[in-house]
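Inside the fold
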Amino acid sequence: MGVKNPGAVPQRGHGRKLNTILGWFLVMFTAAEALGLGLPILGLAVGVNTGLILPANSCEESVGEYAMTLMGDTTFRPSDLPSCSAYMVLDSRLKVQSSNMDARTRSRILDLISASGMKAAGSFVMIPQEKGYVVISYQMGARYAEDGLNRALPSPETVLNGCMAVNVILVAVVGILLLGRYLRRGVAPLSRAVDYIGAGNLDFAVGSSTVREFDQVLGSVDVMKTNLRSSLESEWRTQEESRQRTAALAHDLKTPLTGIAGWADLLGETDLDVDQAEYLNRLASEEKRMEELTSALIQSSLSTPEAGPERRYCDLSVLVNAVIDMVRGQVLDKSIDLEVGEFTADEVNLDADLTVQALGNVLVNAVEHTPDQGRIRIGVELDVPDRQMTKQPGRLVFTVEDSGPGFTRQDLERATEQSYMGDPSRSGHHFGLGLSVAKRDAREQGGDISLGSSADLGGAKVVLTFRTEGRRG
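To start, this report covers the structure provided alongside it. This is a predicted model, so every value here is computed, not measured. (Residues numbered from 1 in each chain as written. Predicted model: local features only at pLDDT ≥ 70, side-chain atom pairs only at ≥ 80, totals over all residues. Heavy atoms only, no water.)

Some thoughts on the environment of Gly 51
Turning to its location among the elements, Gly 51 is positioned in the loop between α1 (18–50) and β1 (53–54). Between the C-alpha atom of Gly 51 and that of Tyr 144, which follows or precedes it by 93 residues, the distance is 8.5 Å. (Helix = DSSP H or I, 4+ residues; strand = E, 2+ residues; numbered from the N terminus.)

Right, dumping it as structure tokens:
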């Protein structure tokens, strides 16, 4: 059939391996992160070298120089202190005389002095005076050379840490976006191929990918597409051949039908009693119907199906009688009690041919499987809303019940499948086509078919529904 070997995947090795791509991404990400961390540190170093930023121990050095001056001068002036420091004046009994330290720092330093005396160590210096001590605390950390900047801006360390955090996040986001974009480009041909196949379009060229693993998958997709296309073409050819054979067989059926019509005409020229004439008329009617069905079969086999059913208004009672006439001979021959429930003789909008064909198949199936002197009941229910009150469509329901052996559990699940055989005692000569055709005809008119068991008659029960368009006028 021209189908390629499924294992014959085209040689695909384009693009880089996925682990190589991830490795390069990791290297570039690490380098970018190092750069993002290094730039703020470099900026801080430049600031220190240019004098814009003072180093972390600058305040300690300034306080130390002032302390040396204070030891030789008995006068302490708070205004001479560096802005990064605070003071506390103590008497000889270590009582605070004056201070601009915050309470927490002051308490901490007093606790250290009380415990260790002059040997207390920390971020402060204790300078002996004539009547007590001067304690000067200082801040450790880089600061701006201009005091105004220290008051207006965060500390250099805070700015450094903030810049480093922002750079790390920015590099991570940009790196992920770039990697995602690269991978999306690599998988795009695969996504397009899947979309084409999903839409039923197999007439396209499968592209290549920049990622080697994706490209290898594309090779398998290309083989799958080719095999699927070959399979569909083979199936189409088989269906076309089947349609041609069906048309030829239907055409051949016309020859015996023409012979039957001729013999019926000749029989009509003889002397017949009333019953014989009636039987001959029904024979001629059924022969004509067979010719119409054969012509329709030939037409449907050689042409594409039409858009939908051909709806027209028809008399419901005429439609039901036409179906009963199809089986009247069999009913009389088997002495079957055929009962038709009461219904309103109204005009409904349906495809009469499809409806008669569907109901006829169901009724023929019931007659065939109903024993001699059995019973068949046909129920007709018409529910057509007033078109002036609502736009909802109406519904026509046919219920056919018989006193035959009924459906088995498997029949209930599969009896409407085409060519389903089921129990040979029920299949007869229909080979499962009757109910399948009825189901198709009902669904073409917005209805459906359901199977069950008759509670009253004890046999099978088939319910056919059709959507109607309401009364005329």
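There is more to say, and it comes next.
Quick notes on the state of the cysteines
Per the stated rule, a full pass over the model turns up 1 disulfide. In this model, Cys 59 is linked to Cys 84 through a disulfide, with the two sulfur atoms separated by 1.9 Å. A torsion of 105° about the S-S bond marks the disulfide between Cys 59 and Cys 84 as right-handed. Placement of Cys 59 in helix α2 (residues 58–71) and of Cys 84 in the loop between α2 and β2 (85–91) is noted, with a sequence separation of 25 residues between them. Look at Cys 59 and you get buried, because its relative accessible area is 1%. Look at Cys 84 and you get buried, because its relative accessible area is 4%. (Disulfide = S-S within 2.5 Å. Buried < 20%, exposed > 50% of the residue type's maximum accessible area, 1.4 Å probe, protein only.)

A look at the packing of α1 against helix α5 (residues 156–198)
Viewed as axis vectors pointing N to C, α1 and α5 meet at an angle of 160°, and their least axial separation amounts to 9 Å. With respect to each other, α1 and α5 are oriented roughly antiparallel. Helix-helix and strand crossings are classified by hand; for α1 and α5 the assignment is right-handed. Its residues assigned to classes, the contact of α1 with α5 shows 21 nonpolar, 3 polar and 1 charged. (Axes fitted to C-alpha atoms, helices over the stretch in contact; angles between N-to-C directions. Parallel < 35°, antiparallel > 145°, perpendicular 65-115°, else oblique. Left-handed = near helix turned anticlockwise from the far one by under 90°. Nonpolar A, V, L, I, M, F, W, Y, C, P; charged D, E, K, R; others polar.)

Focus on the sheet that holds strand β13 (residues 460–468)
With mixed pairing, the 5 strands of this open sheet are ordered in space as β8-β10-β11-β13-β12. Edge strands, defined here as strands with exactly one partner in the open sheet, are β8 (337–340) and β12 (448–453). Direction aside, neighbouring strands of the sheet carry axes that sit 15° apart on average. Pairing analysis gives 4 bridges linking β8 to strand β10 (residues 375–383), with the strands arranged parallel. If you follow Asp 337 over to β10, its bridge partner there is Arg 375. In the packing of helix α9 (residues 352–369) onto the sheet, contacts are made with β8, β10, β11 (394–402) and β13, and the angle to β11 comes to roughly 15°. (Pairing = 2+ DSSP bridges. Contact = heavy atoms within 4.5 Å.)

Brief notes about the pairing of β13
Burial analysis of β13 places 7 of its 9 residues in the buried class, the great majority of the element. The pairing of β11 with β13 spans 8 bridges and is classified as antiparallel. The residue bridging Val 400 from the neighbouring strand is Val 462, located in β13. Where β12 and β13 come together, 6 bridges link them in antiparallel fashion. Bridging across to β13, Ser 453 finds its partner in Ala 460.

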